[in-house]
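Tertiary structure, described
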Amino acid sequence: MKRLSDQTLYEIIEVSAAAAPAEIARACDRAAATYGPGSLATYTLASAEETALLSSRIEEARVVLLDASARSRYDERIGVRPHDAPAPAPAATPLALTPAPVAAAPAPPASTPVPSPPPPPHGAGGRAGQTFTPPPWPPPEVEAVSTEARHSSPGLPVVSQPPPQAAAEPPPASASPQPHAGPPLASLPPPAPVLASGEEASAQPPVAPAPLATRPGGPLPTPAPPVPIALTRAVAPILLENEVAPPRPLLVPDGAVWSGEMLRRVRESRGLTVQQVAERTRITRHHLENIEQDKFKALPAPVYLRGIIMSLARELRLDGQKVARSYLDRMGPVTDAEPKR
Amino acid sequence: MAEGPILKLVKSDDAAVALPSGGSRPPSRTRRITPRARRILSVGGGKGGIGKSLISANLAIALARRGQRVVLVDADLGGANLHTTLGLDLPRRTLSDFIDRKVERLEDVVSPTGIPNLGLVSGALDNLEAATPKHAQKMRLLRHIQAMDVDYAILDLGAGTHTNVLDFFLVSDHGVLVLVPEPTAVENAYRFVKAAFWRRVRNVSQVFGYEELLHDIMQGASFRSPVELVATVVERDPEAGANLANHLAAFRPRLVVNQVRTAQDAEMGHAVVAAWRKYFGLEMDYLGAIDYDDEMWRAVRVRRPLLLDRPGAAAALGFERIADRLIAADESGRAADRA
């Protein structure tokens, strides 16, 4: 198993490198729901930085892997040929150990973006938990000690390769993903950025969602891996400004007026249903629908509405403050005219 | 912290060698030359009140009814109540007698439960000191549990992350982690399982003499994830790193999600497994979910195990499914050993 920053985008969202776009889109949604900041399953499991890093990489996967040309460039960079890695199937998991070493290879050529061997490891690490519970199951724990080969299978395997990686990681990790991340914000069309891998460190952060920004103190706590830290530090500042921009194609001008319609489009571009948002934010469907339809009269008083919209906006990875202010401004006149209950 | 030798907390090589011979026998009830609990299963989860005791009791019954010889050990020292969940009066013999050496063998304190194939070692203690056994006493208990001639020894662990609890969990073949879909339980479960994991790191390093190495490495750095730790060890000493990785990879809790009210709750088990892998690089197996079921507390009130009182209840079916999965897994494990 690799560190989050070392995993390929495919590993991050747990699909094979041959996955079809539809599958990738589903996987992104699933990953966001499973690992996202609001997920009960990750409550207290990971640090804020880790959660933020993972969320940003999931969004990055969405942006890069769902864009055919960006994806093919990415594949090339990480050394996956489209039909190469198809079989990261369940069985692969146990083997993770072995392939790992290979993966290490890419490291050295840090400067060159041409790590070719990585493909196998991906498959291995990847595949979601649900699928393969059975295989490694029985024998592992018991005689763990004696049979090393078999046991190596679970988790740690990949770890063994770190030495090389440690040095090299930074480049691959940062080099690949960020380029994209950054650009969308800048309102550039996704493709171009890839080439600009120059300013990796700064580039990556953009994607990172709010969490990071909220606790600037965070980054330091993770002392162990020098690399990750570096990244995180770089990230934080940038975030503050970029938070607003959805990493998706949706280019939201800074002074955007946030109507219900806008919110609906952002939600849909995130692949979220009203129901999903309702479950995650605890805002009732009813309110959500009224917000999206601008049914101001049916909405709660502004004092309450502000909080509601902020949490909705945050769920959509928008700047809660701005969105709420903009939305309330629009309805301002209405409510003033006919004060509610 | 170093309290004497680590006994079989990490299975030593010879222990591992002994296993295949046991496994090579037909999985039926034939006597083995050296009696040995085929599987030790412990039920923990950090938080109190999440159903550890009820899961232990009902799982034990489900396994016993499948023809497995099961002994249920109330390892919740100081908070023992398994006898109550089984509808038994306080047994005359309890763990105190064993811990105080009034009896020599653990078998001597096994009480019948009225359920065929199922015995109970009650943990209800008269002796307050016994609630926090000394290291040597704990090791003796573990040794005896491991030597019991049964198919399953099921340990009901107490709440919290005391080292006594962790050690029972770590020595088990199946460390069952119980979770309820609530933030408090999730938090405690992660704390529990992380604590168990780091204790295992410590145990492994003691057995293999990596203490200094680890001490050095951990100085000044706190490792959030095993991946990082192992990576750093590998840098210093590749061989030790690989060995450590192997041993830690064997740390593989079995997850049970209890008090499930919606399909979404049950799905959470998969999410936890995935998140554990994602962030910790370690595996976990999702054994299954148990429905939140009013029959459950009704059964508790009348001091009857659910499986006997309301065998058709939704929660009861959950126990049955988990028992089936455990047996299937252990059978295929033995088959693999034979091969």
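The structure we're discussing is the one just above.
Report on the accompanying structure. (Residues numbered from 1 in each chain as written. Chains lettered and ligands numbered in written order. Predicted model: local features only at pLDDT ≥ 70, side-chain atom pairs only at ≥ 80, totals over all residues. Heavy atoms only, no water.)

**With respect to the overall build of chain B**
Along the backbone of chain B there are 14 helices and 8 strands. Taken across its 339 residues, chain B has 60% of its residues classed as buried. Put simply, 76% of the contacts in chain B that link residues at least 6 apart link residues at least 24 apart. If you sum the accessible surface of chain B, you get close to 12900 Å²; carbon and sulfur atoms cover 53% of it. (Helix = DSSP H or I, 4+ residues; strand = E, 2+ residues; numbered from the N terminus. Buried < 20%, exposed > 50% of the residue type's maximum accessible area, 1.4 Å probe, protein only. Contact = heavy atoms within 4.5 Å. Areas by Shrake-Rupley, 256 points an atom, 1.4 Å probe, with all protein chains shown as cover.)

**Topic: the environment of R321 of chain B**
By the secondary structure assignment, R321 of chain B is in helix α14 (residues 314–338). As for R321 of chain B and A62 of chain B, which are separated by 259 residues in sequence, their C-alpha atoms are 9.2 Å apart.

**Details of the pairing of strand β5 (residues 152–157) of chain B**
Residues and elements named next belong to chain B. Of all 6 residues in β5, 6 are buried, a share of seventy percent or more. On β5, burial covers both faces: Y152, I154 and D156 on one face and A153, L155 and L157 on the other are all buried. Inspection of the sheet shows strand β1 (residues 39–44) paired to β5 by 5 bridges, in the parallel sense. When the bridges of β5 are listed, I40 appears paired with A153. (Pairing = 2+ DSSP bridges.)

**Quick word on the packing of helix α5 (residues 135–147) of chain B against helix α6 (residues 163–171) of chain B**
Residues and elements named next belong to chain B. Between α5 and α6, the least distance of the axes is 11 Å, while the angle of their chain directions is 25°. As summarised for this structure, α5 and α6 are arranged roughly parallel, according to the angle between their axes. Crossing geometry of α5 relative to α6 is assigned as right-handed. Every residue of α6 that contacts α5 at K138, L141, L142, I145 and Q146 is listed here: T163, N164, D167, F168 and V171. Tallied by class, residues from the contact of α5 with α6 come to 5 nonpolar, 3 polar and 2 charged. (Axes fitted to C-alpha atoms, helices over the stretch in contact; angles between N-to-C directions. Parallel < 35°, antiparallel > 145°, perpendicular 65-115°, else oblique. Left-handed = near helix turned anticlockwise from the far one by under 90°. Nonpolar A, V, L, I, M, F, W, Y, C, P; charged D, E, K, R; others polar.)

**A closer look at the sheet that holds strand β6 (residues 174–179) of chain B**
Residues and elements named next belong to chain B. With mixed pairing, the 8 strands of this open sheet are ordered in space as β3-β4-β2-β5-β1-β6-β7-β8. The open sheet has two free edges, formed respectively by β3 (110–112) and β8 (285–291), since each of these has just one partner strand. If you compare each strand with its neighbour and ignore which way they point, the axes differ by 25° on average. Note: β1 against β6, 4 bridges, orientation parallel. If you follow G44 over to β6, its bridge partner there is L177. Set on the sheet, α6 makes contact with β1, β2 (70–75), β5 and β6; between it and β5 the angle comes to about 155°.

**Focus on helix α2 (residues 52–65) of chain B**
Residues and elements named next belong to chain B. Given a rise of 1.5 Å per residue, 14 residues ought to cover 20 Å, and the 20 Å separating the end C-alpha atoms of α2 matches this to within 8%. With respect to burial, α2 is a largely interior element, 12 of its 14 residues being buried. Of the residues making up α2, those classed as buried are K52, S53, I55, S56, A57, N58, L59, A60, I61, A62, L63 and A64. (Expected span 1.5 Å × (residues − 1).)

**Let's talk about unusual backbone geometry**
Outside of glycine, negative phi angles account for most residues, and trans bonds account for most peptide bonds. Residues and elements named next belong to chain A. Phi angles above zero are rare outside glycine, and E14 is one such case at about 60°. Inspection of the secondary structure puts E14 in the loop between α1 (9–13) and α2 (21–35). Given a relative accessible area of 7%, E14 falls into the buried group. Unusually for a residue other than glycine, R317 sits at a positive phi of about 60°. Structurally, R317 is set in the loop between α18 (302–315) and α19 (320–337).

**Observations regarding the side chain of N258 of chain B**
Residues and elements named next belong to chain B. Mapped onto the fold, N258 is located in strand β7 (residues 254–260). Classification of N258 as buried rests on a relative accessible area of 5%. Of the polar contacts made by the side chain of N258, one reaches the backbone oxygen of I50; its length is 2.8 Å. Ignoring sequence-local partners within four residues, the contact set of N258 consists of I50, G51, I55, V178, L179, V180, P181 and I290. (Polar contact = N/O pair within 3.5 Å; in protein donor to acceptor, adjacent residues only side chain to side chain.)

**What about the packing of aromatic side chains?**
In the structure shown here, the tally under the stated rule is 8 aromatic pairs over all chains. Ring plane angle 75° and centroid distance 5.5 Å describe the contact between F197 of chain B and F251 of chain B, whose orientation is recorded as edge-to-face. With F197 of chain B in helix α7 (residues 183–208) and F251 of chain B in the loop between α10 (238–249) and β7, this pair connects stretches of sequence that are 54 residues apart. F197 of chain B gets classed as buried once you look at its relative accessible area, which sits at 0%. F251 of chain B sits in the buried class, given a relative accessible area of 4%. Grouping aromatic residues by their ring pairs yields a cluster made of F197, W198, F251, W276 and F280 of chain B. The side chain of R330 of chain A reaches across the aromatic face of Y327 of chain A, ending 5.7 Å from its centre. Over the ring of Y292 of chain B we find R261 of chain B, and its NZ or CZ is 3.8 Å from the ring centre. (Phe/Tyr/Trp six-rings, centres within 6.5 Å; stacked < 30°, edge-to-face > 60°. Lys NZ or Arg CZ within 6 Å of the ring centre and 35° of its normal.)

**What to know about the pattern of salt bridges**
Two side chains of opposite charge can pair, provided their charged atoms sit close to one another. Tallying each qualifying case throughout the model produces 34 salt bridges over all chains. With its nearest N and O atoms 3.2 Å apart, the salt bridge here joins R62 of chain A to E59 of chain A. Here R62 of chain A pairs with E59 of chain A, and both are found in helix α3 (residues 48–65), just 3 residues apart, close to one helical turn. In this structure, R38 of chain B and D151 of chain B form a salt bridge, with 3.5 Å as the shortest nitrogen-oxygen distance. Linking R38 of chain B in the loop between α1 (13–24) and β1 with D151 of chain B in the loop between α5 and β5, this pair joins segments that are 113 residues apart in sequence. In terms of burial, R38 of chain B and D151 of chain B fall into one category: buried. Three or more residues are tied together by salt bridges with common partners; here these are E261, R264, R267, E268 and E292 of chain A. (Salt bridge = Lys/Arg side-chain N within 4 Å of Asp/Glu carboxyl O.)

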